[in-house]
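# Structural characterization, general
Residue strings, one per chain:
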Amino acid sequence: MTRTKTGISGLDELIDGGLVEGSTILVSGGTGSGKTIFGLQFLYNGASKYNEPGVYVTLETRPNDLKSEAEQFGWDLKELEQKNALIIVDAASSKAGLATYGKYALRRDFDISTLAREIYRAVEDSKAKRLVIDCVSALGMKFDDPSEVRSELYQISALLRELNVTSLL
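Residues numbered from 1 in each chain as written. Predicted model: local features only at pLDDT ≥ 70, side-chain atom pairs only at ≥ 80, totals over all residues. Heavy atoms only, no water.

## Notes on helix H5 (residues 112-126)
The test is simple: Secondary structure elements are defined from DSSP: runs of H or I of at least 4 residues count as helices, runs of E of at least 2 residues count as strands, and each element is numbered from the N terminus. How far a helix is expected to stretch is found by multiplying one less than its residue total by 1.5 Å.
With 15 residues, H5 should cover 21 Å at 1.5 Å per step; its first-to-last C-alpha distance of 21 Å lies within 8% of that length. Two residues or fewer after H5 comes Lys 127, characterised by a positive phi angle close to 60°.

If you want it as structure tokens, here you go:
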């Protein structure tokens, strides 16, 4: 199997050289456990070390807050955006009633089809090889029935397989 290196010290060695290329991995953990940082590092390393563009879909954290968080680790997301090596899809700002960020933004009360179209557009525009959706529990808040959440996640994961990106949810 072809592997996608995370570039995270020690992790690639533990998982036989990286994540399976084109796979979708669910990262689970409580608040503050490092899921966002893990996703950012995966995309940053991909773009800066391996010439693999990425897309970050943020459902809860505003893009400027993500950039500030990344700067603490010396990761310049603005530079990657300028090189089209990183696209941030902003699905968080409108939920908070704030102005959206950039060319890839979703309006308040978007549906899964709209999210899927925006992901598809961002991946195609950047030729992305990596993608992070943070955080999928925000999608679940739109539904009362857990089976609806599973159905929506299935649609998203089917799209990601079609796009052949290595993804973290």
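## Looking at the sheet that holds strand S6 (residues 130-134)
Cut-off, in case you're wondering: Should DSSP find at least two bridges between two strands, the strands are regarded as paired. The contact criterion used throughout is that any non-hydrogen atoms of two residues lie within 4.5 Å. In this analysis, axes come from line fits to C-alpha atoms, helices being fitted only over the stretch in contact, and the angle between any two N-to-C directions falls in the range 0 to 180 degrees.
On the basis of which strands lie adjacent, the open sheet formed by five strands has the order S3-S7-S6-S4-S5 and parallel pairing. Of all strands in the sheet, those with a lone pairing partner are strand S3 (24-25) and strand S5 (86-90), marking the two edges. In the sheet, strand S4 (residues 54-58) pairs with S5 via five bridges, with the strands oriented parallel. Looking across to S5, one finds that Val 55 is bridged to Ile 87. Strands in contact with helix H2 (residues 35-49) are S4, S5, S6 and strand S7 (166-168); relative to S6, the strand with the most contacts, it is inclined by about 160°.

## Section: the pairing of S4
What counts here: Relative accessible area decides the class of each residue, using a 1.4 Å probe on protein chains only: under 20% of the type maximum gives buried, over 50% gives exposed, and in between gives partly exposed.
Along S4, five of the five residues are buried, which leaves the element largely enclosed by surrounding structure. Alternating positions in S4 separate into two faces, Gly 54, Tyr 56 and Thr 58 on one and Val 55 and Val 57 on the other, with burial throughout. Sheet topology note: the S4/S6 ladder contains five bridges and is parallel. Across the sheet, residue Val 57 finds its bridge partner in S6, namely Ile 133.

## Let's talk about the side chain of Thr 166
Here is the rule we go by: Here a polar contact means two N or O atoms within 3.5 Å. Within protein one must be a hydrogen donor candidate and the other an acceptor candidate, and residues neighboring in sequence count only if both atoms are side-chain atoms.
For Thr 166, the position within the fold is in strand S7. Residue classification places Thr 166 among the buried positions, given a relative accessible area of 1%. Here the side chain of Thr 166 touches Thr 4 through a polar contact of 3.2 Å, side chain to side chain. Residue contacts for Thr 166: discarding those within four places in its chain leaves Thr 4, Leu 19, Val 20, Glu 21, Gly 22, Ser 23, Phe 42, Lys 129, Arg 130 and Leu 131.

## Quick notes on the nonpolar core
To keep it simple, the criterion reads: The definition of a nonpolar core used throughout is a set of buried Ala, Val, Leu, Ile, Met, Phe, Trp, Tyr and Cys residues joined through side-chain atoms within 4.5 Å.
Residues Val 55, Ile 119 and Ile 133 are the most contacted members of the largest nonpolar core, which totals 24 residues. Elements supplying a minimum of two residues to this core: S4, S5, H5, S6 and helix H7 (146-163). It is H5 that contributes the most residues to this core, five residues altogether. When residues no more than four places from it in sequence are discounted, the contact partners of Val 55 are Leu 43, Ile 87, Val 89, Ala 122, Val 123, Ser 126, Ala 128, Arg 130, Leu 131 and Val 132.

## A look at the side chain of Thr 36
Counting through the fold element by element, Thr 36 comes out in helix H2. Every residue in contact with Thr 36, bar those within four places of it in the chain, is listed here: Tyr 56, Leu 66, Glu 69 and Asp 134.

## Concerning the pattern of salt bridges
We apply this condition: We define a salt bridge as a contact between a side-chain nitrogen of Lys or Arg and a carboxyl oxygen of Asp or Glu at a distance within 4 Å.
This model, assessed by the stated rule, comprises five salt bridges. We note a salt bridge from Lys 83 to Glu 79, for which the minimum N-O separation is 3.0 Å. Take Lys 83: its relative accessible area is 56%, and that puts it in the exposed class. Between Arg 121 and Glu 118 there is a salt bridge, with the nearest N and O atoms lying 2.5 Å from each other. Here the residue Arg 121 and the residue Glu 118 both occupy positions in helix H5, the gap between them amounting to three residues, near one helical turn. Taking the relative accessible area as the measure of exposure, Glu 118 reaches 11% and is therefore buried.

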